[in-house]
Structure formats: C-alpha cells, structure tokens
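These are the residues of each chain, in order.
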Amino acid sequence: MSSVLANILIGLATSLITGTSVWLWQRTRSARVWRRKAAFFGVNPGHPCLIFLNHHHRSPWTMAHYDIRALLDVASVVDRLGGQIVVEAAAEFRGTNGDRTEFCIGGPGANQRSAGHLAHHLPGIAFRPYSDLPDALAIVVGDRQFLWRRGEQEYAVVAKFIPQGASRPVFLICGQVGNTNRAAVHFLKREYRDLTKRLVSSDRFCLIVRASATSVYGHELVALERDVTAEAFAGGT
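On a predicted model such as this, the values are computed, not experimentally measured, just so you know. Position labels on residues start from 1 in each chain and follow its written sequence. Side-chain atom pairs in this predicted model are given and counted only at pLDDT of 80 or more, local residue features only at pLDDT of at least 70, and totals for whole chains, interfaces and linings cover all residues. Side-chain figures throughout are based on the complete set of non-hydrogen atoms in the structure, without hydrogens or water.

## Description of the overall build of the chain
Under the scheme used here, helices are H or I runs from DSSP no shorter than 4 residues and strands are E runs no shorter than 2 residues, and both carry numbers assigned from the N terminus. Of the regular secondary structure elements, the chain holds six helices and ten strands. Taking all 237 residues of the chain together, the buried fraction comes to 41%. Each accessible area value is a Shrake-Rupley result obtained with a 1.4 Å probe; residue values ignore everything except the protein chains displayed when judging cover. With an accessible surface of roughly 12,600 Å², the chain has 54% of that area assigned to carbon and sulfur atoms. Partly exposed residues are those whose accessible area sits between 20% and 50% of the maximum for their type, while under 20% is buried and over 50% is exposed, using a 1.4 Å probe and protein chains only.

Structure, rendered in structure tokens:
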C-alpha cells in the first residue's frame, strides 16, 4: 500500500471517529438538557398534565386573547416533553391534581382554582381587585405592593409546589392581566435552567416576575423581580 493511500485511509478513519464522537456528545448533551427541562416542569413522557382554563373577568364563558396564548405556550412545553395534555375548566374541576402535573393559569379574579391555591398554599400573597383606585390589581406580599401600570410595568406570581395528597407539582401562574400570564410562561421557558441553579429549591418556590414596557414589547421583556418564597408559603398547608 502506498504512503499516499495509507494517509488517505488514516484521514478518513480519523474523520469518521471524530464525527461519531461529536454526534454522540451532542446526542448525550441533548438528552441531558431534555431530562433537566422535563424534571423542572414535572413532565413524564406519556403521563397526563392538567392545564386549567380561566375565564375573562367580565364573562365566565369567554377567555381573553393573551390567556389563550398562555395556555397554548404551556401546552407546547408539555407536548415537546412528551406529556399528555388534559385541559379542564377551573370552575368545574374538583380535587387535587394527584399524580398529574398541573398548570393553573390566571389570577384569582378570573380563575377560582387559582384563588383556592393562593388561600390554602400561599396565604402570604394577596391580589387587590380590579377598580378605579391606584392600587387596582396590585399584588401584595407583606408590606410590599407590586402595582399594575398598564403598558409600563405589570407583574405576575409564579409558584411551584406539591399539594398535600398529590405526588406531582402544581405550577401556579397568576398575572395581573392576561399579558402577564403569558409573560410568566415565557419567563419559565426561558429561565428554567438558571432557576434550578439560583433557587434554594426548584421543587417549591414563589416568584414575582415583572413585564416592562408591555405596550412596546408585549410579553417578552420579562424578568425576575423578587423571590418571595418564604413570605408566600408562611402559614400555608
């Protein structure tokens, strides 16, 4: 065999080995990322996940546009992780989530299940009702108020916990308005890896997230405002 042919064969073999190694590394890395995301969102392939519908605050028979988009964003996460999507009306469902991960979307004025979760598990969080007053829709945590400023700064509560009697987590997403519900989902999708590193526990937390300049950027300019886990769960079940 000539030296030229030998060098060609060695080069081909080296390229094949290198290419295979890169492919295996990428596959392993992708699988690791997928498992980390699935663990954070509590989704097991083939297992059902409950997504609860809220309603427009003025009508029990309709949903706001942004709330529909938030629901679709959650459904997309569940679908990509291999979970089965089960959509329920919050006003009609009774019971815990049991062995199904739950995503409950909407503030207490538009979702009575959210109101129940807040009352029983996060008693340190309160929402002011919609009104003509300056503190309308404010989120209250202790002596702090997170005020709603339409089109400027809008807030949402994002919490994760496992209720008594259940084996899977509940994700509670309570925005001041529909746009902040979607902003909160966007925040979770974008920041879940960082949250697993920053939070004391990625299994039980309560965060306030802030959507800024919403009249310009919609739901996308969203960031963590404050970790209120200790205050939110104090005295809860």
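## So, the pattern of salt bridges
When their charged atoms lie close together, side chains carrying opposite charge are able to pair. Counted as salt bridges are all cases of a side-chain nitrogen of Lys or Arg within 4 Å of a carboxyl oxygen of Asp or Glu. On inspection of all chains with the given rule, the structure shows eight salt bridges. Where Arg113 meets Glu102, a salt bridge forms, and the shortest distance between an N and an O atom there is 2.8 Å. Residue Arg113 is located in helix H3 (residues 112-121), and its partner Glu102 is located in strand E3 (residues 101-105); the two are separated by eleven residues in the primary sequence. The exposure class assigned to Glu102 is buried, which follows from its relative accessible area of 0%. Salt-bridge contacts for Arg210 lead to Glu225; the nearest nitrogen and oxygen are separated by 2.2 Å. With Arg210 in strand E9 (residues 205-212) and Glu225 in strand E10 (residues 222-227), the pair connects residues that are 15 residues apart, well separated along the chain. By relative accessible area, which is 32% here, Glu225 ends up partly exposed.

## Observations concerning the packing of aromatic side chains
Any two of the Phe, Tyr and Trp rings considered here, Trp counted by its six-membered ring, make a pair once their centres fall within 6.5 Å; the pair's planes then place it as stacked at under 30 degrees, edge-to-face at over 60, or tilted in between. A complete count under the given rule lists eleven aromatic pairs for this structure. With a centroid separation of 6.1 Å and an interplanar angle of 15°, the aromatic rings of Phe40 and Phe205 are classed as stacked. With a gap of 165 residues between them, Phe40 in helix H1 (residues 3-41) and Phe205 in strand E9 connect regions that are remote in the sequence. Residue classification places Phe205 among the buried positions, given a relative accessible area of 0%. The structure contains a cluster of three or more aromatic residues connected by ring pairs, namely Phe40, Phe41, Phe103, Phe171, Tyr192 and Phe205. Distance and angle both matter: a charge sits over a ring if NZ of Lys or CZ of Arg is within 6 Å of the ring centre and within 35 degrees of the ring normal. Its end group placed over the ring of Phe40, Lys160 keeps NZ or CZ at 5.1 Å from the ring centre.

## Notes on the nonpolar core
Residue types Ala, Val, Leu, Ile, Met, Phe, Trp, Tyr and Cys, when buried and joined through side-chain atoms within 4.5 Å, form a set referred to as a nonpolar core. Residues Phe40, Phe41, Phe103 and Leu188 are the most contacted members of the largest nonpolar core, which totals 32 residues. For this core, the secondary structure elements donating two or more residues are H1, strand E1 (48-53), helix H2 (65-80), E3, strand E7 (153-161), strand E8 (170-175), helix H4 (178-198) and E9. With seven residues, the single largest contributor to this core is H4. Discounting residues that sit within four places of it in the chain, Phe41 has contacts with Val77, Leu81, Thr101, Phe103, Phe171, Leu188, Lys189 and Tyr192. Counting 24 residues, the second largest nonpolar core, distinct from the first, contains Phe146, Cys206, Val228 and Ala232. In what follows, residue pairs with any heavy atoms lying within 4.5 Å of each other are defined as contacts.

## Brief notes about the sheet that holds E1
Read from one edge of the open sheet, seven strands run E2-E1-E3-E8-E7-E9-E10, paired in mixed fashion. The sheet is open, and its two borders are formed by strand E2 (84-89) and E10, each paired with just one other strand. Across this sheet, the average inter-strand angle for adjacent strands is 20°, counted without regard to direction. If DSSP finds at least two bridges between two strands, the strands pair. Pairing analysis gives six bridges linking E1 to E2, with the strands arranged parallel. Residue Leu50 lies in a different strand from E2, and its bridge partner there is Val86. Whenever a helix is involved, its axis is fitted only over the stretch in contact; in every case the axis is a line through C-alpha atoms, and angles between N-to-C directions fall within 0 to 180 degrees.

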